[in-house]
Amino acid sequence: MQVNIHPSWKSHLQNEFKMPYFSTLASFVRSEYREHSCFPPGKQIFAAFDHSTFDKTKVVIIGQDPYHGPGQANGLCFSVNDGIPHPPSLINIFKEIETDLEKPYPLSGNLERWADQGVLLLNATLTVRAYQAGSHQGKGWETFTDAVIRKLSSEKEELVFLLWGGYAKRKSGLINSKKHHILTSGHPSPLSANRGYWFGNKHFSQTNEFLLKMNKSPIDW
């Protein structure tokens with residue numbers, strides 16, 4: 001696997017690429033993509049970093065796994081390509097934005113428009129085998145993405161971290177809460193949202209309020 005990541009990130013993560021775990025991970029990913037149908041397409045594995053450069057990143061949303069259906073995953077957590085039906089979690093994200101910010105429900109589920117404004121849409125695992133959720137977990141991706149979170153925490157100031165659901169909340173231990181703003185809630189999946197743990201969290205307006213307070217431009221959600 002060729003690490004085709006934006007230069008702004010490569011300078012901060014170059015030590016990770018030299019670690020034994022990453023070599024093992026790269027061999028695994030190359031084999032999987034050669035022998036099976038995997039997502040996202042190879043050129044989009046590091047798309048989150050290409051759209052939200054290190055210097056530009058000001059908000060971090062942490063997902064778990066790429067979508068494993070054809071045409072869905074594009075390298076950004078919760079995002080799907082243009083023309084793809086919106087998965088249930090994304091529908092609930094957009095519904096919360098509707099009520100929180102009084103914005104109309106969007107036609108496209110492609111969140112590149114967020115990422116280009118400095119929202120790092122980071123899945124903990126960056127690849128998956130088709131139709132097999134979680135199939136690339138525990139292979140080294142989590143070690144890498146945990147290092148990304150630590151690097152952001154230590155080398156940047158006043159970021160907003162949105163941690164949705166139990167899995168993402170466990171990443172809070174990697175973040176210096178004295179330097180950064182952490183918002184937590186239930187996951188936007190129907191199982192959590194329908195039990196009252198997602199809707200009404202107002203994370204999108206709260207994020208923008210914090211950014212404005214820090215003299216940063218808000219996100220056009």
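In this report, we go over the structure that sits alongside the text. (Residues numbered from 1 in each chain as written. Predicted model: local features only at pLDDT ≥ 70, side-chain atom pairs only at ≥ 80, totals over all residues. Heavy atoms only, no water.)

**Considerations on unusual backbone geometry**
Next up, step 1: Here Phe39 and Pro40 are connected by a cis peptide whose omega angle stands at -5 degrees.
Next up, step 2: Structurally, Pro40 is set in the loop between β1 (38–39) and α3 (47–51).
Next up, step 3: You will see that Tyr131, though not glycine, has its phi angle at about 65 degrees, which is positive.
Next up, step 4: You can see Tyr131 is positioned in the loop between β4 (128–129) and α6 (141–155). (Helix = DSSP H or I, 4+ residues; strand = E, 2+ residues; numbered from the N terminus.)

**So, the packing of helix α2 (residues 20–35) against α6**
Next up, step 1: Two numbers describe how α2 lies on α6: the axes approach to 9 Å, and their chain directions differ by 125 degrees. In this view, α2 runs oblique relative to α6, as classed from their interaxial angle. Residues Tyr21, Phe22, Leu25 and Val29 of α2 form the contact with α6, whose own contacting residues are Trp141, Thr143 and Phe144. (Axes fitted to C-alpha atoms, helices over the stretch in contact; angles between N-to-C directions. Parallel < 35°, antiparallel > 145°, perpendicular 65-115°, else oblique. Contact = heavy atoms within 4.5 Å.)

**Observations regarding the packing of aromatic side chains**
Next up, step 1: This structure, assessed with the given rule, holds 21 aromatic pairs.
Next up, step 2: Note on Phe46 and Phe144: the rings are 6.2 Å apart at their centroids and 85 degrees apart in plane angle, and the pair reads as edge-to-face. Placement of Phe46 in the loop between β1 and α3 and of Phe144 in helix α6 is noted, with a sequence separation of 98 residues between them. Take Phe46 and Phe144: they sit in the same class, and that class is buried.
Next up, step 3: Through a chain of ring-to-ring contacts, the aromatic side chains of Trp9, Phe17, Tyr21, Phe22, Phe46, Phe49, Phe54, Trp141 and Phe144 assemble into a single cluster. (Phe/Tyr/Trp six-rings, centres within 6.5 Å; stacked < 30°, edge-to-face > 60°. Buried < 20%, exposed > 50% of the residue type's maximum accessible area, 1.4 Å probe, protein only.)

**Considering the layout of surface pockets**
Next up, step 1: Roughly 330 Å³ of internal volume is contained in the largest pocket.
Next up, step 2: Taken together, 17 residues line the largest pocket, and the ones lying closest to its centre are Gly63, Gln64, Asp65, Phe78 and His187.
Next up, step 3: Only β2 (59–63) and α7 (165–169) provide two or more residues apiece to the lining of the largest pocket. (1 Å grid on protein atoms, 1.4 Å probe; cavity = no way out; pocket = protein on both sides within 12 Å on 5 of 7 lines; lining within 4 Å. Points joined across faces, edges and corners; volume = space filled by probe spheres on them.)

**Regarding the packing of helix α1 (residues 7–17) against α6**
Next up, step 1: Two elements in contact, α1 and α6, have axes whose closest approach is 11 Å; the angle formed by their N-to-C orientations is 135 degrees. As the angle between them shows, α1 and α6 are arranged oblique. Here α1 and α6 pass one another in a crossing that is right-handed. Contacts between α1 and α6 involve Trp9, His12, Leu13, Glu16 and Phe17 on the former and, on the latter, Phe144, Ala147, Val148, Lys151, Leu152 and Glu155.
Next up, step 2: The residue inventory of the contact of α1 with α6, partitioned by class, reads seven nonpolar, one polar and three charged. (Left-handed = near helix turned anticlockwise from the far one by under 90°. Nonpolar A, V, L, I, M, F, W, Y, C, P; charged D, E, K, R; others polar.)

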